[in-house]
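Spelled out from the first residue to the last, the chains are:
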Amino acid sequence: MEWSFLLVQALSGLASASSLFVIASGLTIVFGVTRIVNFAHGSFYMLGAYLAVTIVPWLLEFDRSPTLFFVGVLASALVVGLLGVAMEMLLLRRIYRVPELFQLLATFGVVLIVQDLVQLAWGPMDIPGPRAPGLRHGVTILDQRFPAYELFLIVVGPAVLALLWLLMHRTRFGVLIRAATQDREMVGALGVNQAMLFTGTLFLGAALAGLGGALQIPRISANAHMDLSVITEAFVVTVIGGMGSVPGAFIAALLIGLLQAFGVLIFPKITLVLVFLLMAAVLVVKPWGLLGRPEAAAGRAVLPEGILDPGRMDWAGKVLAVVALAVMLALPLIDAYAVKVGTEVLIFALAAVSLNFLVGNGGIVSFGHAAYFGLGAYGAGLLVVKAGLPMEPALIAAPIAGGLAAALFGFFVVRLSGIYLAMLTMAFAQIAYAVVFQWVEVTGGDNGLVGVWPSHWAASREVYHYLTAVLTLAAIVFLRRVIHAPFGATLRAARDSAQRADAIGIDVRMHRWLGFTLAGAAAGLAGGLYAFSKGSIDPTLLGIPMSVDFLSMILLGGIQSVLGPVAGAAAFHSLKDFFLPLTDHWRLLLGLSIIAMVLVFPRGLAGAFASLRRRPA
Amino acid sequence: MTLLAVEGLTKRFGGVLAAKSVSFALDEGEMLAIIGPNGAGKSTTFNMVGGQLRPDGGSVMLAGKDVTGLPSRALCRMGVGRTFQVAQTFLSFSVLGNVQMALLAHHGQTRQLLSDAAVMHRDAALALLDRVGMAAQAGRPIGELAYGDVKRVELAIALAAAPRLLLMDEPTAGMAPSERTALMALVAGIARAERIGVLFTEHDMDAVFAHADRILVLVRGEIIARGSPEEVRADPEVQRVYLGHSGTRAAGRARRPVHG
Amino acid sequence: MTRITLPRRALGAAALATLARPAFAQATPIRIGELNSYSRMAAFAVPYRNAMQLAQDAVNAAGGVMGGRPMELVFRDDGSTPGDAVRVAEELLTRENVAFLAGTFLSNVGLAVADFANQRKRLFLATEPLTDAITMAQGNRYTFRVRPGTYMQTKMLIEAIRGKTAKRWAIVAPNYEYGQSAAANFKRMLGDAIPGAEIVAEQFPALGRVDAGATVGALAQSRPDGIFNVLFGPDLTAFVREGNTRGLFERRTVVSLLTGEPEYLIPLGDETPEGWIVTGYAPDQIDAPPAHKAFIEAYKARFNDTPRLGSLLGYVTVQIIANLLNKANTLETEALVNALAGLATDTIVGGVSMRALDHQGTLGTWVGETTLSRGKGTMKNARYADGANYMFSETEVRAARPPA
Ligand SMILES: Nc1ncnc2c1ncn2[C@@H]1O[C@H](COP(=O)(O)OP(=O)(O)O)[C@@H](O)[C@H]1O
Ligand SMILES: [Mg+2]
């Protein structure tokens, strides 16, 4: 390969890196100050692009000058910044006191809403933007032609970095951002108006995302899928760089940009997984990212967010459980479709309880639980489709597959904590996703495999429903039992204070690892049951949306409660099933209901139930 | 008999030499205090002995066995219990639950999946709480307790593993003066009765001079003096860099009743 | 229960039916379940649904099906995942009592619904999924597909470059089944069309995330004479812009799947490259058959928009369904399946039959060259390639398709 080519390829990488950095810097700043994992950051990016393809051409009507082009881009960024302010004031501000995870769920609700609003406002077609006047041409570098606009983009990244540096070091606002990133309590102690600081931060973060989107319009058309396509990559950059660290994000973006530019030359087929492999590798070696700091040590006197007291079931709880059970068993009396939905609710309930076993009970927030659900489904499905085995052994294999995968990934996962742990689980889930997606010969690739049907005796909807009921309820009762048992208590103890747990002789990592494996096995069983209820398996079972669904279920149900996630699964799945046939805009309605629930039941359905009962008559 | 022998322990954090070749020994049933100004390296030394930090150099021998660099959980099983400068308890548990958890760990039952943790070791846990005077509060969430009471519960947690050596980093920090005396007397009583060796740090000189058998003075990571309370009190170097005027008076005051 | 997606006309019919029960007692509508990605893939699915409604109204205005019964499509979003789609299919069959299922866009969704239909022994008329598997390796008795699949469309392009001189070829395709199988088909057939041709580079960017600069750079580096592109949607726009600026397409033969479809051509705008050989649809250039022209006019009049390829597909599908119902004259699944196998329908693009051997429709598509006209992309020299000429051979089908 000639040098000129390698040089130009490196420049391509730098241009991508620069664009990625602009977006990721906003994400990392918002996280640093508010500790919110802002899924809606991708939506801001998309809005930036849509606004720019609207504003910029309108401006260029007056005069096709580069100035007006950039005025349009900046205006779009500012408008998006204001939308960020709106999100902070209307939504986030109301939920700063609820568990951090809830804020994540709320931002996910915003993602759904924005997706539909964008489609309503701009229509479903991709909208191409104008090229930048004066930068339309290619520049010849040695013997290769390279777009002038990308040369410009290469400069933008460092320029934004420099401006952010000035902001952080030369303004009071910037100093506060840095202080809050390093120690949130201190900002409160200094008597800083936290609301103003957060609003300002959201403005900055959203504006950077909007700028990132607006700058892309000469390269890509504004489209309805750009939010999710950018958000995972932005997360990866943020995590590799160290969450909250702007220079870290810069280095990480460079790494990823160059990795992709040269990666496509060597491994043209695995671009999907390259960045996640890098992220997993970085986290295993540097648990807090390249330039991140360890999260403030535990030992503060704050109650953990998860299960506090597993408690006994009181009579009201028992009545509720019996009624729920009776309804589940009586579903065939309604109609065949109710049975189908009921089966799925049971399956998701098991998946949700298994996730809450980690999140609520163990303080291990997994963003990638669908991996074990999905691998359980593949474990079962492959045995049926490829090995020709019947359902029964396949259902035994499902928890084993989920458990083995969880044991493998968990070995690395339990070394971390907090948000980094969450991101590593997501990276592993994406790696697992990429493997089933790419390994076409075995897994059928993205088409998946069909023909995963129950044995003859369980083929009817009703029998399969009862089979599912028996297995999922047994597993849920078992997990509940484990939560009350010494093992569950040990996980809670390690969550409350790992240092204390260690000092009384508990091998914290080992127990977390076993817990992760157990939860993975339970999710695997759920996945196996799901495969047989659908007849097919495919990579969406392992995807991020599925993991987010599970998280939504436990948060709606209430992570403080052992069985709340069951209610959460029922509520979430019923909502989705209710809205899906109703209208094309089911995502809007689903997003709105998620946000409504977060606002009305900040401790989930179980929390609402508990406080209803505690209220004096 | 020598319970703990520490030889040349050294720890460096970036440019800071937090502990510089620290050596000392501790006998069964003996109470050894480490005193020194803030940032002297006391907690660092504790953490190297207790397995929270791996030393850069030096060795820790427990009852003749080399335990250098072993993690805290392994040391616990060999009879080392500890309390922390900032109390570490299980915030979501009740007072009783905290001690039960420690007992479960001590009995190696933490992997049981089916038994009911809430009913295990209740009586033993209550007995331990009784010893530290906290039995009456057994049912309360630990988060509700006054900080002094939390420290007592932490002591009960540490005692649950039937330790031979107790490491107590500022056991009375954040307590009212009357509580301090009571807690130190409690610790001293238990240590002497069960021949537990106690290594502790303390800023309250009254408590130190009243209960310590021997004292080490640590300044900027180095031991600058060691000996009986009288010797340390008399050391002019110690007076200059650490005790100062008020400390000397406290030392004199505290010693009198014991000898009186 | 009001259903927002329920066609207005059907509501009216229902209201009338309630008012005048005795007279219309015989005319209970025949319901067909149509599930598609109306939310996630709205750019394709909404024009598709529009045309289906148009066709349904035309059928009903002309007296309905099966001797005067109105036909009623029940539209549902398939959630764009196989899991959701199978549940929705179940709902259509059990709650909505539809006679059979039609639709789907994504290949994995189509395959899952196909297998579900096979399990439940109900008819499924897949419309859009392009994967060859749905009629080949994973084909089944109950599943048919209307649209020409990946293999057929690739073969149409291969025919179009037969005898060209370009010897060194580079391939760029999205990294999923559709892209991979298009690339594999192209590789397999290339040597036959251009003896001595070789593949010198392959790029498989992740779907929806093409790193256009790096991809274009890597392709240019291999100095190909020709490029086979399978990218579409936002990936395509990014690729074309980058390639235009860097001169990737200059003096090279480019063949490109689907690029001529309005869905993908419109967003290219004034960046539409000149002279790419593509499959697609250019409604403004259709002048025969007359029924097709009439369809385009009717669509424009009703929706104030030009029809897309999806619209054409939707309209043809409804015509096939109406014909099927009339021929079978029963809603019994086995009879429907038997009637559909080999069924020939006179549609707005001419005759389309569902080949009995593999259940693949002979609907074709247009092959032509992209060109820029008044700042917009369109196709020139477009000719209709009848699907019947590009089907898998009988031996291939027999080898791949599981025995019935
Ligand atoms: N984890 C750490 N990282 C960096 N420096 C540390 C760390 N722990 C302690 N130090 C430094 O080591 C020195 C000794 O600290 P410490 O042992 O806590 O003192 P003491 O307990 O005597 O007050 C101090 O300068 C402190 O800043
Ligand atoms: Mg200290």
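Everything numeric here is computed off the predicted structure, so don't read it as measured data.

**Side note on the coordination of the magnesium ion (ligand 2)**
Residue and element names in this part refer to chain B.
Moving on, step 1. At 2.0 to 2.2 Å from the magnesium ion (ligand 2) lie its protein donor atoms, namely Ser43 (OG) and Gln85 (OE1). Of this pair, Ser43 sits in helix α1 (residues 42-50) while Gln85 sits in the loop between β6 (80-83) and α3 (95-106), and the two are 42 residues apart along the sequence.
Moving on, step 2. Residue class for Gln85 comes out partly exposed when judged on its relative accessible area of 31%.

**Things to note about the pairing of β6(B)**
Residue and element names in this part refer to chain B.
Moving on, step 1. Burial along β6 is two-sided: Val80 and Arg82 facing one way and Gly81 and Thr83 facing the other are all buried.
Moving on, step 2. Of the pairings in the sheet, the one linking β6 to strand β7 (residues 165-168) comprises four bridges and is parallel in character. Counted as the bridge partner of Thr83 is Met168 from β7.

**Digging into the interface of chain A and chain C**
Moving on, step 1. The partner chain C presents 69 residues to the 77 residues of chain A that form the contact.
Moving on, step 2. With both sides pooled, the region where chain A packs onto chain C buries about 6,200 Å², and carbon together with sulfur makes up 49% of that total.
Moving on, step 3. In this structure, Asp577(A) and Arg87(C) form a salt bridge, with 3.1 Å as the shortest nitrogen-oxygen distance.
Moving on, step 4. Linking chain A to chain C there are 35 residue pairs in polar contact (both at pLDDT 80 or more).
Moving on, step 5. Here the side of chain A that touches chain C gets six residues from one element, more than from any other, and that element is helix α13 (residues 336-362) of chain A.
Moving on, step 6. Taken together, the residues of the side of chain A that touches chain C break down into 32 nonpolar, 24 polar and 21 charged.

**What about helix α3 (residues 42-61) of chain C?**
Moving on, step 1. Look at α3(C): 28 Å from first C-alpha to last across 20 residues, which is about the 28 Å you get at 1.5 Å a residue.
Moving on, step 2. One or two residues past the end of α3(C) sits Gly63(C), with phi positive at roughly 105°.

**Observations regarding the arrangement of the chains**
Moving on, step 1. With two pairs of chains in contact overall, the contact-richest pair is chains A and C.
Moving on, step 2. One finds no contact between chain B and chain C; the C-alpha atoms of the two approach each other to within 33 Å at their closest.

**What to know about the interface of chain A and chain B**
Moving on, step 1. If you look at the interface, chain A gives 36 residues, while chain B gives 33 residues.
Moving on, step 2. Three residues, Pro486(A), Arg500(A) and Ile504(A), lead the burial of chain A against chain B; their summed loss comes to 24% of the area buried on that side.
Moving on, step 3. The tally of links between chain A and chain B comes to three salt bridges.
Moving on, step 4. Salt-bridge contacts for Arg500(A) lead to Glu154(B); the nearest nitrogen and oxygen are separated by 2.7 Å.
Moving on, step 5. Here chain A is connected to chain B by 16 residue pairs in polar contact (both at pLDDT 80 or more).
Moving on, step 6. Listing elements by their share of the side of chain A that touches chain B, those giving two or more residues are α18 (461-484), α19 (486-496), α20 (498-503) and α21 (508-534) of chain A.

**Here's the deal with the sheet that holds strand β4 (residues 57-62) of chain B**
Residue and element names in this part refer to chain B.
Moving on, step 1. In space, the four strands of this open sheet follow the order β2-β1-β4-β5, with antiparallel pairing throughout. With one partner strand each, in any of the chains shown, β2 (16-27) and β5 (65-66) form the two edges of the open sheet.
Moving on, step 2. Of the pairings in the sheet, the one linking strand β1 (residues 2-13) to β4 comprises five bridges and is antiparallel in character. By the bridge assignment for β4, Ala5 is matched with Met61.

**As for the packing of helix α14 (residues 370-385) of chain A against α21(A)**
Residues and elements named next belong to chain A.
Moving on, step 1. Contact geometry of α14 with α21 gives a least axis separation of 6 Å together with a crossing angle of 50°. One element, α14, and the other, α21, form an angle in the oblique class. Along this stretch, α14 crosses α21, giving a crossing that reads as right-handed. In contact with Tyr372, Phe373, Gly376, Ala377, Ala380 and Val384 of α14, α21 contributes Phe516, Gly520, Ala523, Gly524, Ala526, Gly527, Gly528, Tyr530, Ala531 and Phe532.
Moving on, step 2. Residue composition of the contact of α14 with α21, grouped by class: eleven nonpolar, five polar and no charged.

**Digging into the sheet that holds strand β2 (residues 71-77) of chain C**
All names here are of chain C.
Moving on, step 1. The five strands are arranged β2-β1-β3-β4-β5 in an open sheet whose pairing can be described as parallel. Edge strands, defined here as strands with exactly one partner in the open sheet, are β2 and β5 (143-145). With direction set aside, neighbouring strand axes in the sheet form an average angle of 25°.
Moving on, step 2. Sheet topology note: the strand β4 (residues 124-126)/β5 ladder contains three bridges and is parallel. Residue pairing in the sheet places Ala126 in a bridge with Arg145 of β5.

**A look at the pairing of strand β1 (residues 30-36) of chain C**
One face of the sheet, then the other: side chains in a regular strand alternate in exactly this way.
Residue and element names in this part refer to chain C.
Moving on, step 1. For β1, the tally of buried residues reaches seven of seven residues, placing the bulk of the element in the interior.
Moving on, step 2. Across seven bridges, the pairing between β1 and β2 is parallel. When the sheet's bridge partners are listed, Arg31 is paired in β2 with Glu72.
Moving on, step 3. With α3 bridging β1 and the parallel β2, this β-α-β connection has right-handed handedness.
Moving on, step 4. Two strands pair when backbone bridges link them, and β1 and strand β3 (residues 101-103) are joined in this way by three bridges, in the parallel orientation. The residue of β3 that forms the bridge with Leu35 is Gly103.

**Examining the confidence of the model for chain C**
Residues and elements named next belong to chain C.
Moving on, step 1. Per-residue confidence for chain C averages 91 on the pLDDT scale, and 93% of its residues sit at or above 70.
Moving on, step 2. Residue range residues 1-25 is modelled with pLDDT below 50. Its contacts to residues more than four positions away, or to other chains, number 20 contacts.
Moving on, step 3. Quick note on the complex model: pTM equals 0.92, ipTM equals 0.91.

**A few points about a nonpolar patch on the surface**
All names here are of chain A.
Moving on, step 1. Together, Trp315, Val319, Val323 and Val327 make up an exposed nonpolar region whose accessible area comes to about 410 Å².
Moving on, step 2. With respect to the secondary-structure elements, Val327 resides in helix α12 (residues 315-330).
Moving on, step 3. Val327 sits in the partly exposed class, given a relative accessible area of 46%.

**Topic: unusual backbone geometry**
Moving on, step 1. One non-glycine residue, His121(B), lies in positive phi territory at about 60°.
Moving on, step 2. Within the element layout of this structure, His121(B) appears in the loop between α3 and α4 (122-131).
Moving on, step 3. Residues other than glycine seldom take positive phi values, yet Asn97(C) does so here, at roughly 50°.
Moving on, step 4. By secondary structure assignment, the location of Asn97(C) is in the loop between α4 (82-94) and β3.
Moving on, step 5. On the basis of relative accessible area, Asn97(C) is assigned to the exposed category, the value being 56%.

**Section: the site of ligand 1**
All names here are of chain B.
Moving on, step 1. Neighbouring residues of ligand 1: Phe13, Val16, Ala18, Pro37, Asn38, Gly39, Ala40, Gly41, Lys42, Ser43 and Thr44.
Moving on, step 2. Within the side chain of Ser43, an N or O atom sits 2.7 Å from an oxygen atom of ligand 1.
Moving on, step 3. Calculation on ligand 1 without its partners gives an accessible area of 560 Å², and the protein chains cover 59% of this total.
Moving on, step 4. Counting residues per element, the ones that place at least two in the shell around ligand 1 are β2 and α1.
Moving on, step 5. For the shell around ligand 1, the element with the highest residue contribution is α1, accounting for three residues.

**Section: the packing of aromatic side chains**
Moving on, step 1. For the coordinates displayed, the defined rule picks out 40 aromatic pairs over all chains.
Moving on, step 2. Geometrically, the ring pair formed by Phe69(A) and Phe70(A) is edge-to-face, given 5.0 Å between the ring centres and 85° between the ring planes.
Moving on, step 3. Overall, Phe70(A) belongs to the partly exposed group, its relative accessible area being 22%.
Moving on, step 4. Grouping aromatic residues by their ring pairs yields a cluster made of Tyr372(A), Phe409(A), Phe411(A), Phe412(A), Phe428(A), Trp513(A) and Phe516(A).
Moving on, step 5. Positioned over the ring face of Phe411(A) is Arg415(A), at 4.4 Å from the centre of the ring.
Moving on, step 6. Arg141(C) extends its terminal NZ or CZ atom over the ring of Tyr142(C), reaching a point 5.6 Å from the ring centre.

Here is what the cut-offs are and how they apply
- Residues numbered from 1 in each chain as written.
- Chains lettered and ligands numbered in written order.
- Predicted model: local features only at pLDDT ≥ 70, side-chain atom pairs only at ≥ 80, totals over all residues.
- Heavy atoms only, no water.
- Donors = N, O, S within 2.8 Å, 3.2 Å for Na, K, Ca; no water.
- Helix = DSSP H or I, 4+ residues; strand = E, 2+ residues; numbered from the N terminus.
- Buried < 20%, exposed > 50% of the residue type's maximum accessible area, 1.4 Å probe, protein only.
- Pairing = 2+ DSSP bridges.
- Contact = heavy atoms within 4.5 Å.
- Buried area = accessible area lost by both parts, 1.4 Å probe.
- Salt bridge = Lys/Arg side-chain N within 4 Å of Asp/Glu carboxyl O.
- Polar contact = N/O pair within 3.5 Å; in protein donor to acceptor, adjacent residues only side chain to side chain.
- Nonpolar A, V, L, I, M, F, W, Y, C, P; charged D, E, K, R; others polar.
- Expected span 1.5 Å × (residues − 1).
- Axes fitted to C-alpha atoms, helices over the stretch in contact; angles between N-to-C directions.
- Parallel < 35°, antiparallel > 145°, perpendicular 65-115°, else oblique.
- Left-handed = near helix turned anticlockwise from the far one by under 90°.
- Right-handed = clockwise from strand over helix to strand, strands pointing away.
- pLDDT = per-residue confidence, 0-100.
- Patch = residues over 30% accessible without salt bridge, like charges linked within 9 Å, V, L, I, M, F, W, Y side chains within 5 Å.
- Areas by Shrake-Rupley, 256 points an atom, 1.4 Å probe, with all protein chains shown as cover.
- Near = heavy atom within 4 Å.
- Phe/Tyr/Trp six-rings, centres within 6.5 Å; stacked < 30°, edge-to-face > 60°.
- Lys NZ or Arg CZ within 6 Å of the ring centre and 35° of its normal.

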